[in-house]
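Summary of the model geometry
The chain contents come next:
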Protein chains: 2
Amino acid sequence: MTIEHTATSPDAELFLRDFRSLSQIGETPGGGVDRQAATVADAQARAWFTALLGQYGFTVEVDAVGNVFGLLEWNPGAPYVLVGSHLDSQPLAGKFDGAYGVAAALHAGRRLAAGHAPAHRPKYNLAVVDWFNEEGSRFAPSMMGSSVFTGKMAAADALAIRDTDGVSVAEALAAIGHTGSGTGPVPAACAEIHIEQGRSLEDSDTTIGLVHSCWAAEKFTVTVHGEQAHTGSTVIADRRDALLGASRLVVLLRELADRYPAGALHTSVGQLTVLPNSPVVVPRRVDLTMDLRSADEDVLAEAKQLLEQGIKLIEDEVRVRIEVRGSHAWGVRPYPAAGVDLARDCADSLGLTSRPVYTLAGHDSINMNDVVPTVMLFVPSREGVSHNEGEFTGDSDLCAGVDVLTEVVRRLCEGALDG
Amino acid sequence: MTIEHTATSPDAELFLRDFRSLSQIGETPGGGVDRQAATVADAQARAWFTALLGQYGFTVEVDAVGNVFGLLEWNPGAPYVLVGSHLDSQPLAGKFDGAYGVAAALHAGRRLAAGHAPAHRPKYNLAVVDWFNEEGSRFAPSMMGSSVFTGKMAAADALAIRDTDGVSVAEALAAIGHTGSGTGPVPAACAEIHIEQGRSLEDSDTTIGLVHSCWAAEKFTVTVHGEQAHTGSTVIADRRDALLGASRLVVLLRELADRYPAGALHTSVGQLTVLPNSPVVVPRRVDLTMDLRSADEDVLAEAKQLLEQGIKLIEDEVRVRIEVRGSHAWGVRPYPAAGVDLARDCADSLGLTSRPVYTLAGHDSINMNDVVPTVMLFVPSREGVSHNEGEFTGDSDLCAGVDVLTEVVRRLCEGALDG
């Protein structure tokens, strides 16, 4: 997995220096970062990005929902190859998720800009991008910036979304001075590199993951409606305990995952809030989010059907009403095979091991893959740990990833995936 | 249950007028009140109380933890009969819980003060009291003011307790100008009237409940320690999902209650908070409160043992660590039989039906009953609904309760429970 060919090159040194300075922004005592979308820490990371874009010869453009583009125009009027990821993070997250992809894109762009012969004009121009609010922790749903850019969500709808303190995306972006007027570049192709957030590369001792498809995902927001009562004096038969209903639902979701072979279905509840949340009051209402994912859309459809049946049973047995609303979904969607082949060839040419992998997590590239040919690359994550301060990828893997990404983007700019 | 003998007397009219003005303080759109301890609404209710105490001839004294006493000294130097309840409420609560008991005590005191022959000096003086923070929703634990007054909790410990915004009891009391310097009266006996918060009086068509004993209660604070991870990409076998552990615990607690005959064991979780509470993060930590109650201490002990076993199983199966800390407990404790007989005799003398009942909920009188002879009375609650805006007791029951309480307190002041 670890090939020590890059860590001592000047390019690698420069990349690692910049990535380390980024990792200090919003740093947590546990060795991670906390940079939720449009917070002060995110604003600082964005300032880091725009400062280095300027230094490396890019023109900065910000669009209406806070996507930041660094533009390098070799060929006036031609569309752009977009390469990037996101600088925002989950609360108490790792340093690598998203941030690595932006830093790697920045350095791929830097090398292509610097190494470029003045006479040569690639077919496409180059844009390095920080997609706004990929994580969706402060403002749901996730992948917001790329959803607006690809026309899946109206900008006005995104800007109106509020966090739990009642602050809207529009207000939060204005507060950090990142309400842009640009529309962003016209895309021709896209590339993104990310840590795997799974174990398959580490377990197979492989350096580069060639993402050939994403898992399907369905996310729901759920409200369990019960009735407020006294925890001591209300007889059990009279209770309509919203938290009991919600807890049964959390357990049911895990039972659904356990019905299938390992790795066939992932389910979870990440967010749950209780009203009125007093020690001596039976809760009247619980709001929660459900997340179901599978590489097999049939499994997902069957799981949803079982879930519906289970919810009816919970409603009857706990005497609550459970309201389920779909919030965000994507299907199993292959990345172009030609892009996977191209990326494999780039890895081979650098003497790096590679293998096809799924992405289980959502990425901005999933949105971009719906509109232009897109290449998605992974580097290994130690023990698959992610959304956790303990997230880790070694320097040589990070640098190898930048090398492959640089070569992929170079070929995309030459029109390698056209036609 | 409804005897229409009081609703039109001048005493009843005056009581209902004052109770209605109290009900408007912190009133909610749903017809209840929201007056958590030492909030602005609680401060207003306390101002209502001290204003009327002055009007009805009482001297006001506030102690170090915000208990408010209205003192009527017939017999200088003699101890006091304390009669009262609490003006604070749960969030989105009913108008009757606690507030009725304070208003009833105020009017029992008013009648005894007004109807008193100048030459007669009862054995004991009279104190009408609003116990601070009985509910424990903003500042846990509940029954705080009476716990300090009866020496079960140090005043300094109570004053240092903080709400979820980090505000201490001392700061909250100072903010409403109710940090008192008094020590409160020396008690000789105690009486409290409250809505039943259960169905037994309504179901048996009885007006007055004679509380002969309380249920035992044990309350715990629990932390479930898991590990933060990605909801999509982390394989199920690698997860240490703190919310799944917590949900299994909520379900287990209800299963424990269901093992016993109806009414033998009440269990619940009222408060639960998730960290980091993001839609795409497997929770690393959940804090929750557990509440177990029974009229049978052996049932409670057995349930706790089963709970411990169940927690070990959850720890193993979910791969989390569950930390349980006892926070507040009381045993089954009978009220003096002589007090029950006295209250029955008072109800009989007024032509009102009565029957012995348990209290399942905690009350300040449970603390007072540990230090002086104490009488606890109930009036009916429609459908047993409580800690809910829909809480309801009819006017004639409210007025009948004030009549019985007045007579009980009159006799307590004459020393009826001495020796």
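Here the structure is a predicted model, which is why all the values come from computation and not from measurement.

Counting its regular elements, chain A contains 12 helices and 15 strands. With the principal axes as the frame, chain A shows a C-alpha extent of 80 × 45 × 40 Å. A total of about 14400 Å² of accessible surface is found on chain A, and carbon and sulfur atoms cover 51% of it. Placing the 33 positive and 55 negative side-chain charges of chain A at their respective mean positions leaves the two points 3 Å apart.

This part covers the interface of chain B and chain A. Facing 59 residues of chain B, the contacting portion of chain A comprises 59 residues. Taken over both partners, the interface formed by chain B and chain A buries close to 5100 Å², and the fraction arising from carbon and sulfur atoms is 54%. The interface formed by chain B and chain A contains two salt bridges. Summed over the shared surface of chain B and chain A, the result is 34 residue pairs in polar contact (both at pLDDT 80 or more). If you list the elements that add at least two residues to the side of chain B that touches chain A, you get strand S8 (229–230), helix H8 (242–259), strand S9 (266–275) and strand S11 (285–294) of chain B.

What follows is about the state of the cysteines. Scanning the entire structure with this criterion turns up zero disulfides over all chains. Here Cys214(A) stays unpaired: no disulfide links it, and the sulfur of Cys190(A), its closest cysteine neighbor, is 13 Å away. Judged by relative accessible area, which is 1%, Cys214(A) ranks as buried. Cys190(B) provides the cysteine sulfur closest to Cys413(B), a residue in no disulfide bond, and the two sulfurs are 12 Å apart.

On to the domain arrangement of chain A, then. Residues and elements named next belong to chain A. Looking at chain A, the domain boundaries give domain 1 (10–214 + 332–413) and domain 2 (216–330). Taken over C-alpha atoms, the centre of domain 1 sits 33 Å from the centre of domain 2. With 10 residues of domain 1 at the contact, the number on the domain 2 side is 10 residues. Our enumeration of links across domain 1 and domain 2 arrives at zero salt bridges. Scanning the region where domain 1 abuts domain 2 turns up three residue pairs in polar contact (both at pLDDT 80 or more). When its residues are assigned to classes, the side of domain 1 that touches domain 2 shows eight nonpolar, two polar and no charged.

Before going further, it helps to examine unusual backbone geometry. Negative phi is the rule for most residues except glycine; trans is the rule for most peptide bonds. Ala140(A) connects to Pro141(A) through a cis peptide bond whose omega is 5°. The residue Pro141(A) is located in the loop between strand S4 (125–130) and helix H4 (144–149) in this model. The phi torsion at Glu383(A) lies on the positive side, around 55°, for a residue other than glycine. Assignment of secondary structure puts Glu383(A) in the loop between strand S15 (374–379) and helix H12 (395–413). A relative accessible area of 46% places Glu383(A) in the partly exposed class. For His387(B), which is not glycine, the phi dihedral falls at a positive 50°. With respect to the helices and strands, the residue His387(B) is situated in the loop between strand S15 (374–379) and helix H12 (395–413). Residue classification places His387(B) among the buried residues on the basis of a relative accessible area of 1%.

All right, on to the UniProt feature "binding site: Zn(2+) 1" (unreviewed entry) in chain A then. All names here are of chain A. With numbering aligned to this structure, UniProt lists the feature "binding site: Zn(2+) 1" (unreviewed entry) at His86, Asp97 and His194. In summary, the annotated positions, though distributed over 109 residues, converge in three dimensions, the widest C-alpha pair being only 9.8 Å. Here the residues from the annotation list that line the second largest cavity are His86, Asp97 and His194. Tracing the sequence through the fold places His86 in the loop between strand S3 (80–85) and helix H3 (99–114). You can call His86 buried: its relative accessible area is 0%. With residues up to four places along the chain from it excluded, the contact list for His86 reads Asp97, Gly98, Ala99, Val102, Asp130, Trp131, Glu134, Glu135, His194 and Asp364. Reaching out from His86, the side chain makes a polar contact with the backbone oxygen of Asp88 at a distance of 2.9 Å. Mapped onto the secondary structure, Asp97 falls in the loop between S3 and H3. With residues up to four places along the chain from it excluded, the contact list for Asp97 reads His86, Asp88, Glu135, His194, Ile195, Gln197, Ser386, His387 and Glu391. Within the local environment of Asp97, its side chain forms a polar contact with the side chain of His194, the two groups lying 2.9 Å apart.

The strands making up a sheet are joined through hydrogen bonds of the backbone, oriented either antiparallel or parallel. All names here are of chain B. The strand order S9-S11-S7-S12 describes an open sheet built from four strands, whose pairing is antiparallel. With one partner strand each, in any of the chains shown, S9 and strand S12 (321–330) form the two edges of the open sheet. Strand after strand, the sheet turns through a mean of 15° between neighbouring axes, direction not considered. Pairing geometry for S9 and S11, over eight bridges, is antiparallel. In the sheet register, His266 faces S11, and the bridge partner there is Arg293. The strands that H8 touches are strand S7 (216–225), S9, S11 and S12; relative to S9, the one it contacts most, it runs at about 175°.

Residue and element names in this part refer to chain A. On the basis of which strands lie adjacent, the open sheet formed by four strands has the order S9-S11-S7-S12 and antiparallel pairing. If you trace the sheet from one side to the other, it starts and ends with strand S9 (266–275) and strand S12 (321–330), each paired once. Each strand axis lies, on average, 15° off the axis of its neighbour in the sheet, ignoring direction. Note: strand S7 (residues 216–225) against strand S11 (residues 285–294), 10 bridges, orientation antiparallel. Each bridged residue has a counterpart across the sheet, and for Thr223 the counterpart in S11 is Asp287. Seen against the sheet, helix H8 (residues 242–259) touches S7, S9, S11 and S12 and runs at an angle of roughly 175° to S9.

Moving on, we get to the pattern of salt bridges. Residues and elements named next belong to chain A. A full pass over the atoms with the stated rule returns 42 salt bridges over all chains. Two residues, Asp403 and Arg111, come together in a salt bridge whose shortest N-O distance is 2.9 Å. Here Asp403, found in helix H12, pairs with Arg111, found in helix H3; they are 292 residues apart in sequence, far enough to count as distant. Side by side, Asp403 and Arg111 carry an identical accessibility label, which is buried. One salt-bridge network, in which partners are shared between bridges, spans Asp11, Arg110, Arg111 and Asp403.

Moving on, we come to the UniProt feature "binding site: Zn(2+) 2" (unreviewed entry) in chain A. When the UniProt feature table is mapped onto this chain, "binding site: Zn(2+) 2" (unreviewed entry) is found at Asp97(A), Glu135(A) and His387(A). Across 291 residues in sequence, these annotated residues keep their C-alpha atoms within 9.8 Å of one another, forming a single compact spot. The annotated residues contributing to the lining of the second largest cavity are Asp97(A), Glu135(A) and His387(A). Among the secondary structure elements, Glu135(A) is positioned in the loop between S4 and H4. Ignoring any residue separated from it by four or fewer positions in sequence, one finds Glu135(A) in contact with His86(A), Asp88(A), Ser89(A), Gln90(A), Asp97(A), Ser142(A), His387(A) and Val280(B).

Next up on the list: the nonpolar core. Core analysis: the biggest nonpolar cluster contains 68 residues, and Leu249(A), Leu272(A), Met290(A), Leu249(B), Leu272(B) and Met290(B) have the highest contact counts within it. In this structure, Leu272(B) is in contact with Leu243(A), Leu272(A), Val274(A), Asn277(A), Leu243(B), Ala246(B), Val250(B), Val286(B), Asp287(B) and Leu288(B), ignoring residues within four places of it in sequence.

Residue and element names in this part refer to chain A. A grouping of Asp296, Glu297, Asp298 and Glu302 is seen on the molecular surface, where their side chains present a negatively charged patch. Secondary-structure assignment places Glu302 in helix H9 (residues 297–318). Taking relative accessible area as the criterion, Glu302 reaches 41% and is therefore assigned partly exposed.

What follows is about the relation of the copies chain B and chain A. Its rotation angle being 180°, the transformation that places chain B on chain A also includes 0.0 Å of axial translation and leaves an RMSD of 0.1 Å. Expressed as an axis order, the relation between the two copies is that of a two-fold axis. No C-alpha of chain B approaches the rotation axis more nearly than that of Ser247(B), which lies at 2.2 Å. Interface overlap between copies is the fraction of interface residues in one copy that are interface residues in the other; for chain B against chain A it reaches 100%, indicating a shared surface.

Conventions adopted
Residues numbered from 1 in each chain as written. Chains lettered and ligands numbered in written order. Predicted model: local features only at pLDDT ≥ 70, side-chain atom pairs only at ≥ 80, totals over all residues. Heavy atoms only, no water. Helix = DSSP H or I, 4+ residues; strand = E, 2+ residues; numbered from the N terminus. Areas by Shrake-Rupley, 256 points an atom, 1.4 Å probe, with all protein chains shown as cover. Lys, Arg positive; Asp, Glu negative; His and termini not counted. Charge placed at Lys NZ, Arg CZ, Asp CG, Glu CD. Contact = heavy atoms within 4.5 Å. Buried area = accessible area lost by both parts, 1.4 Å probe. Salt bridge = Lys/Arg side-chain N within 4 Å of Asp/Glu carboxyl O. Polar contact = N/O pair within 3.5 Å; in protein donor to acceptor, adjacent residues only side chain to side chain. Disulfide = S-S within 2.5 Å. Buried < 20%, exposed > 50% of the residue type's maximum accessible area, 1.4 Å probe, protein only. Domains from an automatic or database assignment. Nonpolar A, V, L, I, M, F, W, Y, C, P; charged D, E, K, R; others polar. UniProt positions renumbered as here; feature names shortened; annotations may be inferred. 1 Å grid on protein atoms, 1.4 Å probe; cavity = no way out; pocket = protein on both sides within 12 Å on 5 of 7 lines; lining within 4 Å. Pairing = 2+ DSSP bridges. Axes fitted to C-alpha atoms, helices over the stretch in contact; angles between N-to-C directions. Core = buried A, V, L, I, M, F, W, Y, C linked by side-chain atoms within 4.5 Å. Patch = residues over 30% accessible without salt bridge, like charges linked within 9 Å, V, L, I, M, F, W, Y side chains within 5 Å. Least-squares fit on C-alpha atoms with pLDDT ≥ 70 in both.

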